[in-house]
Amino acid sequence: MQFSKKSRSLQGSFLLIIIGVFTICNLYSAEVNLGTEVEQASGKKLYVNYCAHCHGIDGDGKGSASLYFHPKPRDFTSGKYKLRSTESGELPTDDDIKQVIKKGMPYSGMPAFPGFTEEEYQNLTYYLKTFNEDFTDPDFVVDPLVFSKAPPYSEESALKGKELYSLNECNGCHGDSGRGSGVSAPTLEDGFGETKYHIRPADLTKRWTFRRGATREDMYRAFTTGLNGTPMPSYKDSITPEDRWHLVNYIYSLSEKDEPNYSTTIIAEYTEKEIDISQGKSLFENSEAALFPLVGQVIEPGREFFPSANAIEVRSIYNQETIAFLLTWNDMKADTKGSNAPDILVDKFHLDNPKNKQKTLVVEERDKRYSDAVALQVPSKMTSGFKKPYFLFGDKKNSVNVTFLDLANKNEVKQYTGYGYDRLTSVDNHVLAFSNYEDGEWSVIFKYNRNLDGEEGVSFIEESFIPLSFYVWDGFNNEHGIASSITAWYSLYLKASVKKSPIVPMLTYGLLALLLELIIVFLIRKKFSAT
Amino acid sequence: MNYLIIPLVFFVLFIFYLISRSKRLSFTNPLFWVVAWWIAFYVILKNAILPPLPSSIIQMFMAIITIALFFYITADTQRLKEAIHPVIQFLVNRKFKLPLGLVIIIIPVLVAGKVYFGSQVKIVAPVFGRSIHPAPPTKINYQGKQLILNELENPYRHLETESPLDFQKHVEAGRKVYYNNCVFCHGDTLEGKGIFAHGLNPIPANFADVGTIAQLQESYVFWRVAKGAPDLPDESGPWSSAMPAWEKFLTEEEIWDVILFIYDFTGHNPRARVEHH
């Protein structure tokens, strides 16, 4: 049989088309992977047990617990996923979703679920994908970007990154020092759903709080893919990969470690000099910083579920008569309007009043009512053994002294005696304070009389452990009264003013050991030398 | 993996035994074996047990083992003689003059060094060893009524067998209570890893662990939930516990529901009450 030239070419092109269509279908069917109904059903079981109370039974981010969280639980129907390996605005890959479930998002309501099997992660991912139709559309399914390992870290690169940081106006949101205090930070909103919530720029000086993770690769991905649903854009097209690594190295240089260096004891250093608190932070250069985690007050009615501050750093120095504390914490914005106090009744903006639950944490009206504030708490008197007053404003039997500074009224230090959160009485005090807000950081100094005669509460005696704890209020976040961030009891230790030489005890014990040896050798020789 | 250390240690001892038998070396001496056994026990206690034993417990065990080995040596005069023979030789015999002199110098130096490094340790506040599950009171005052803990039962527990659907409703109500209140400290998976856990001392209880609710009666859990930190006795450090007195926030039914939920989620059963007749 013979084919004409024409029919041959027709046949050929027909074949090509078929092959083409077949390959495309094949490609897409490999990518649109929604799992079987059985797999989705088993994913649903996990979802109902572990996710629905926050993300909602319909995946809309409106579970009953979502009221309490900030940032809000993700609305899966929006298809907007922050952490992806795909280009800005695109859907995530299955692996992206699985990674978030496995690792969680630090310092947000999303916990890590490291204990599922590979199959369970996959089934849960299949189920999450059913909430948004785009996952079923081959047009929306994309390949992940390819990421390489981080090039070696160098200080020159970090310095170049620092220049790029201001050149690209990262400071507009993240602030000049990276503390998340840029000028536009208070106005930022998320874009996940119809209701807009305020969203905080990441505090770049604490990489352990980064939602994706603390490694340089994690940061590079954030620059490259952007965070969908947030104001953080992708810099894939505007900054070269080389420059992105410089930026990464700069951000990396802003925190010391991957994990926070939380402490339990403040060591106060002795100084001969007069302590003049108007000198500010520089007074404390030689004393070691102790970092304490701050958490929400969720113990007594008037709860604060998501306070802004997550840690407070404390240093201390003392001389013959006085002791001073430097308290520093990062705050997006100095709120110096309005007022604040630990005994303000917690109002309708807080969640304990169910009528107002829906209104809370909406951007408008959050400003200007309450100012930023801080407090340092010690027991009113030292108790025997481990016994202490209750760590939240004391208890009926054992009271605490709370030194409070409203940062809208910086000159007036207030002191409260607390016999419980609802039994705070204002008392006279002789505490001096100095405060300063600079580039996303509050620093407050309290100076106390060491009270060695024990007349005004606790005496700050050398070489003893004194319990103390802290409170921070962020006015922008409507924190007021007992709706604040708190710490557990920690310890203060005044390092001896006269450094003791170890020579005397060393000599004593060394000579004692020698003497003992000689006696033993002598006795044994006396007894056995005959044999 | 760690448990493999036990057979490994015994294998090493066995090798020593074989060598000492075949070549009749000096370390057939009982003193060698006592020291070898002492080290073997220490290695096992220190490394083979998970979770690691606290150093105070290890010290206690080692003291017992030391005494036992001491008895082993002194129980038999011949053995004792054999064991101390090399020691006495070392102290008495002139040919060991130089090493003996060295030992006499080195030991006081080590002691002095220990004192020096002991004075250099980081200053850390002493740790309070709190009692985690203190004895409960016999009765509590709940919202104006007296509840006798020994007689208190979860009023919805019986539904588990009698009406599983109603039981499930209570569990679901408890789930909501849990995730709107407890999750911040006790965590999404009930393992005590909530977002505030790192800032609290004592850390929140891990309900998934066999050492918490699985060991307790529901009445005990009710007491802990309803009354929180303020009702703890001093040995449990009520001044530091962040457990709220949930009677301020929750109804009696909500407390019983959330108790059903934490048992249901973790798969634990409450400890059964001992019947008194």
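Values in this document were obtained by computation on a predicted structure and should not be read as measured data.

Asks: Just checking my understanding: could you explain the overall build of chain B for this structure?
Replies: If you tally the helices and strands in chain B, you get 9 helices and 2 strands. Walking chain B from its N terminus toward its C terminus, one meets helices and strands in the order α-α-α-α-α-β-β-α-α-α-α. Taken over C-alpha atoms, the radius of gyration comes to 29 Å for chain B, far larger than the 19 Å a tight globule of 277 residues would show. The C-alpha extent of chain B, read off along each of the three principal axes, is 85 × 45 × 40 Å. For chain B, the share of sequence-separated contacts (at least 6 apart) that also reach a separation of at least 24 residues comes to 56%.

Asks: What's the story with the overall build of chain A in this structure? I'm lost.
Replies: When helices and strands are tallied, chain A shows 10 helices and 14 strands. For chain A, the residues scored as buried account for 42% of the 531 residues in total. For chain A, restricting intrachain contacts to residue pairs at least 6 apart in sequence, the fraction spanning at least 24 positions comes to 68%.

Asks: Would you mind going over the pairing of strand β7 (residues 400-406) of chain A with me for this structure?
Replies: Each regular strand shows side chains that alternate between the opposite faces of the sheet. All names here are of chain A. With 6 of 7 residues buried, β7 is to be regarded as a mostly interior element. Direction of pairing for strand β6 (residues 373-379) relative to β7: antiparallel, over a ladder of 7 bridges. Among the inter-strand pairings, Pro 379 is bridged to a residue of β7, identified as Val 400. The sheet contact formed by β7 and strand β8 (residues 413-418) spans 6 bridges and is antiparallel. Opposite Phe 404, over in β8, you have Lys 414 as the bridge partner.

Asks: Explain the domain arrangement of chain A here, please?
Replies: Put simply, an interface is often sized by how much accessible area is lost when its parts join up. When its domains are assigned, chain A resolves into domain 1 (1-28), domain 2 (37-139), domain 3 (155-254), domain 4 (265-494) and domain 5 (502-531). Computed from C-alpha coordinates alone, the two centres of domain 4 of chain A and domain 5 of chain A are separated by 56 Å.

Asks: Quick question: what am I supposed to make of the environment of Asp 137 of chain A here?
Replies: Considering the arrangement of structural elements, one finds Asp 137 of chain A in the loop between α5 (118-129) and α6 (155-167). C-alpha separation for the pair Asp 137 of chain A and Val 32 of chain A, spaced 105 residues apart in sequence, amounts to 7.3 Å.

Asks: It is not clear to me how the pairing of strand β12 (residues 465-473) of chain A should be interpreted in this structure. Could you clarify?
Replies: Residues and elements named next belong to chain A. Along β12, 8 of the 9 residues are buried, which leaves the element largely enclosed by surrounding structure. Pairing analysis gives 5 bridges linking β6 to β12, with the strands arranged antiparallel. Note on β12: the bridge partner recorded for Ala 373 is Trp 473. By the bridge criterion, 4 bridges tie β12 to strand β14 (residues 490-494) in an arrangement that is antiparallel. Residue pairing across strands places Leu 468 opposite Tyr 490, the latter belonging to β14. Where β12 meets strand β13 (residues 485-486), 2 bridges bridge the pair, whose relative direction is antiparallel. Bridging from a neighbouring strand, Val 472 pairs with Ser 485 of β13.

Asks: I'm lost on the nonpolar core in this one. Help?
Replies: Where a protein is soluble and globular, its nonpolar side chains tend to be buried together. Residues Ile 312, Leu 327 and Val 472 of chain A together with Ile 259 and Ile 262 of chain B are the most contacted members of the largest nonpolar core, which totals 118 residues. Not counting chain neighbours up to four residues away, the residues in contact with Ile 259 of chain B comprise Asn 154, Glu 218, Val 221, Phe 222 and Val 225 of chain B. One finds Ala 202, Met 219, Ala 222 and Met 232 of chain A within the second-largest nonpolar core, a separate group that totals 18 residues.

Asks: Please explain the interface of chain A and chain B as it appears in this structure.
Replies: On the side of chain B, 41 residues touch chain A, which itself brings 48 residues to the contact. Across the side of chain A that touches chain B, the residue classes tally to 32 nonpolar, 10 polar and 6 charged.

Asks: I would appreciate a short explanation of the domain arrangement of chain B in the present structure.
Replies: Per the domain assignment, the segments of chain B are domain 1 (2-119) and domain 2 (139-266). Look at where the C-alpha atoms of domain 1 of chain B and domain 2 of chain B centre, and you get two points 50 Å apart.

Asks: Would you take a moment to explain helix α7 (residues 164-186) of chain B for this structure?
Replies: Because the α-helix completes a turn every 3.6 residues, residues three or four places apart line up on one side. For α7 of chain B, spanning 23 residues, the distance from its first C-alpha to its last is only 27 Å, which falls clearly below the expected 33 Å at 1.5 Å a residue. Of the residues trailing α7 of chain B, Gly 187 of chain B is marked for its positive phi of about 85°.

Asks: Before we go on, may I ask you to explain the confidence of the model for chain A in this structure?
Replies: Predicted coordinates in areas of low pLDDT are best not read in detail. Residues and elements named next belong to chain A. Taken as a whole, chain A shows an average pLDDT of 89; of its residues, 90% reach a score of 70 or greater. With pLDDT under 50 throughout, residues 1-6 is counted as low confidence; its partners more than four residues away or in other chains account for 1 contact. Within the model, pLDDT remains below 50 along residues 21-30, and this stretch shows 2 contacts once partners closer than five positions in the same chain are excluded.

Asks: Explain unusual backbone geometry to me, please; I cannot follow it from the model alone.
Replies: Excluding glycine, residues mostly have negative phi values, and the peptide bonds linking residues are mostly trans. All names here are of chain A. Following His 70, the chain continues to Pro 71 via a peptide bond in cis, the omega torsion being 5°. Mapped onto the secondary structure, Pro 71 falls in the loop between α3 (52-55) and α4 (94-103). Although it is not a glycine, Phe 393 adopts a positive phi angle of roughly 60°. With respect to the helices and strands, Phe 393 occurs in the loop between β6 and β7.

Asks: For this particular structure, what's the right way to read the packing of α4 of chain A against α5 of chain A?
Replies: Any two packed helices are characterised by the angle at which their axes cross and by the distance between the axes. All names here are of chain A. Where α4 contacts α5, the two axes come as close as 9 Å, and the packing angle between them is 115°. The orientation of α4 with respect to α5, classified from their angle, is roughly perpendicular. Here the hand of the crossing between α4 and α5 comes out right-handed. Seen from α4, the contacting residues are Asp 94, Ile 97, Lys 98, Ile 101 and Lys 102; seen from α5, they are Tyr 121, Leu 124, Thr 125 and Leu 128. Each residue belonging to the contact of α4 with α5 can be placed in one class, and the counts come to 5 nonpolar, 1 polar and 3 charged.

Asks: Is there a simple way to explain the confidence of the model for chain B in this structure?
Replies: Averaged over every residue, the pLDDT of chain B is 90; the share at 70 or more is 96%. Scored by ipTM, the complex comes to 0.87, with pTM at 0.83.

Asks: Would you mind going over the environment of Glu 259 of chain A with me for this structure?
Replies: Its place among the elements puts Glu 259 of chain A in the loop between α9 (241-254) and β1 (265-270). Measuring from C-alpha to C-alpha, the distance between Glu 259 of chain A and Ala 214 of chain A comes to 8.4 Å, with 45 residues separating the pair along the chain.

Asks: For this particular structure, what's the right way to read the environment of Gly 113 of chain B?
Replies: Residue and element names in this part refer to chain B. With respect to the helices and strands, Gly 113 occurs in helix α5 (residues 97-119). The class for Gly 113 is exposed, based on 12 C-beta atoms found within 10 Å. Along the backbone, Gly 113 and Phe 32 are 81 residues apart, and their C-alpha atoms lie at a distance of 28 Å.

Conventions and cut-offs
Residues numbered from 1 in each chain as written. Chains lettered and ligands numbered in written order. Predicted model: local features only at pLDDT ≥ 70, side-chain atom pairs only at ≥ 80, totals over all residues. Helix = DSSP H or I, 4+ residues; strand = E, 2+ residues; numbered from the N terminus. Rg over C-alpha atoms; globule rule 2.2 N^0.38 Å. Contact = placed C-beta atoms within 7 Å. Buried ≥ 20, exposed ≤ 12 C-beta atoms within 10 Å, placed from the backbone. Pairing = 2+ DSSP bridges. Domains from an automatic or database assignment. Core = buried A, V, L, I, M, F, W, Y, C linked by C-beta atoms within 7 Å. Nonpolar A, V, L, I, M, F, W, Y, C, P; charged D, E, K, R; others polar. Expected span 1.5 Å × (residues − 1). pLDDT = per-residue confidence, 0-100. Axes fitted to C-alpha atoms, helices over the stretch in contact; angles between N-to-C directions. Parallel < 35°, antiparallel > 145°, perpendicular 65-115°, else oblique. Left-handed = near helix turned anticlockwise from the far one by under 90°.

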